[in-house]
Amino acid sequence: MELPQRGLVVYTFGNVSAIDRERNVFAIKPSGVPYEDLGPDDMVVVDLENRVVEGSMRYSSDTKTHAVLYRNFPSIGGVVHTHAPYSVAWAQAVRSIPIYGTTHADHLAGDVPCTDIMSDSMIQGDYEEETGTQILHAFRDISYEVIEMVLVACHGPFTWGQTPEKAVYNSVVLEELAKMAMFTESINPEAQRLKKSLIEKHYMRKHGKDSYYGQKK
Ligand SMILES: [Zn+2]
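The structure displayed is predicted, hence computed values, not measured ones.

We now examine a nonpolar patch on the surface. A cluster of nonpolar residues, Val10, Tyr11 and Phe13, forms a patch on the protein surface that exposes about 350 Å² of accessible area. Within the secondary structure, Val10 is located in the loop between α1 (2–5) and β1 (15–20). Val10 gets classed as partly exposed once you look at its relative accessible area, which sits at 46%.

Structure (C-alpha cells):
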C-alpha cells in the first residue's frame, strides 16, 4: 500500500513479496488487482518452486523472479518491483546509475547495477525466471547484501532487503537516486563519480562498525 502512496506505482503496476524463511514460502501480491482493493486475504502464498500453497487468486506475473532472488539471496526477507519513472528511465537507457553524490553514498557504496539485455531465447523461454537469472549475473561480482537494488535492462527496478519494509524503503531511495543522477547529468554531462574518500566517509558513517549517523539504539 506504501508504493502508490510514495508515487512509485500507478494502477496495478509493480509487486511486493515477503518470505517466511522457516516455512520457505512467500506471500506476494495477486496479479492485476489495484492496490486500493487489496487486503491480507488476497495475498497469494507460494513456495520457492512457484507452487501455490494458499490463496485463490492468480499470483503476480513476476513471482518467478521473486523466487529466484529468495533462492539465491538467502538473507533477504522481502522483494519489491516497481515501474517508478526515474528508475525505469535508467533501465530503459540500459545504464547503471553512477554514484555521483553523498546521498547515494549514504545508502550504498557503489553504482546501482543494470543487467544485460535479455537474449531472444531467454525472452521466448521462461521469461520471468530468466529475469531473475539476469539479476544474478549482474551480481556475480557484487554482494547482494551491500547493494540491495538492481535495474533490469529495458524494464525496471527490483529491490530487496532483510524485511519487506526495507525492500520498499530501498525502492523509494532508488527512485530518488535515479532522479538526482539524471539531473546531475543534465546539468553537467561530464560530471564525475564521487571520489573514493567521500564514498567511504558517507557509507561508513552510516553503515560501518563505528557508524555515528542517527540515534543510538
Ligand atoms: Zn515490471
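Now that the structure is up, let's keep going.
Below, the discussion takes up the nonpolar core. Phe139 and Trp160 are the most contacted members of the largest nonpolar core, which has 37 residues in total. Elements supplying a minimum of two residues to this core: β2 (25–28), β3 (44–47), α2 (63–72), α3 (85–92), α6 (127–138), β6 (149–152), β7 (156–161) and α7 (164–187). Counting 10 residues, the second-largest nonpolar core is a separate cluster that includes Leu3, Leu38, Ala84 and Ala167.

Attention shifts here to the packing of aromatic side chains. Overall, the coordinates contain six aromatic pairs when judged by the stated rule. Each residue in the set Phe73, Phe139, Tyr144 and Trp160 is aromatic and connected to the rest through ring pairs, giving one cluster. Taking NZ or CZ as reference, Lys206 lies 4.4 Å from the ring centre of Tyr213, over its face.

The next point concerns the pattern of salt bridges. Counted under the stated rule, the structure contains 10 salt bridges. Of the charged contacts, one joins Asp126 and Lys64 as a salt bridge, the two residues approaching to 3.2 Å between their closest N and O atoms. Of the two residues, Asp126 sits in the loop between α5 (120–124) and α6 while Lys64 sits in helix α2, which places them 62 residues apart along the sequence. Asp126 gets classed as partly exposed once you look at its relative accessible area, which sits at 33%. The partly exposed category is assigned to Lys64, whose relative accessible area is 26%. Glu185 is the partner of Arg95 in a salt bridge, and the nearest nitrogen-oxygen pair spans 2.7 Å. Here the residue Arg95 occupies a position in the loop between α3 and α4 (102–107), and Glu185 occupies one in helix α7, the gap between them amounting to 90 residues.

Take the packing of α2 against α6 next. A pair of packed helices is characterised by two quantities: the angle between their axes and the separation of those axes. Interaxial distance between α2 and α6 falls to 7 Å at its minimum, and their mutual angle equals 40°. By the angle class used here, α2 and α6 are oblique. Crossing handedness for the pair α2 and α6: right-handed. Contacts from Lys64, Thr65, Val68, Leu69, Arg71 and Asn72 of α2 reach α6 at Glu128, Glu129, Thr131, Gly132, Thr133, Ile135 and Leu136. Looking at the contact of α2 with α6 residue by residue, the classes come out as four nonpolar, five polar and four charged.

Basis of the calculations
Residues numbered from 1 in each chain as written. Predicted model: local features only at pLDDT ≥ 70, side-chain atom pairs only at ≥ 80, totals over all residues. Heavy atoms only, no water. Patch = residues over 30% accessible without salt bridge, like charges linked within 9 Å, V, L, I, M, F, W, Y side chains within 5 Å. Areas by Shrake-Rupley, 256 points an atom, 1.4 Å probe, with all protein chains shown as cover. Salt bridge = Lys/Arg side-chain N within 4 Å of Asp/Glu carboxyl O. Helix = DSSP H or I, 4+ residues; strand = E, 2+ residues; numbered from the N terminus. Buried < 20%, exposed > 50% of the residue type's maximum accessible area, 1.4 Å probe, protein only. Core = buried A, V, L, I, M, F, W, Y, C linked by side-chain atoms within 4.5 Å. Phe/Tyr/Trp six-rings, centres within 6.5 Å; stacked < 30°, edge-to-face > 60°. Lys NZ or Arg CZ within 6 Å of the ring centre and 35° of its normal. Axes fitted to C-alpha atoms, helices over the stretch in contact; angles between N-to-C directions. Parallel < 35°, antiparallel > 145°, perpendicular 65-115°, else oblique. Left-handed = near helix turned anticlockwise from the far one by under 90°. Contact = heavy atoms within 4.5 Å. Nonpolar A, V, L, I, M, F, W, Y, C, P; charged D, E, K, R; others polar.

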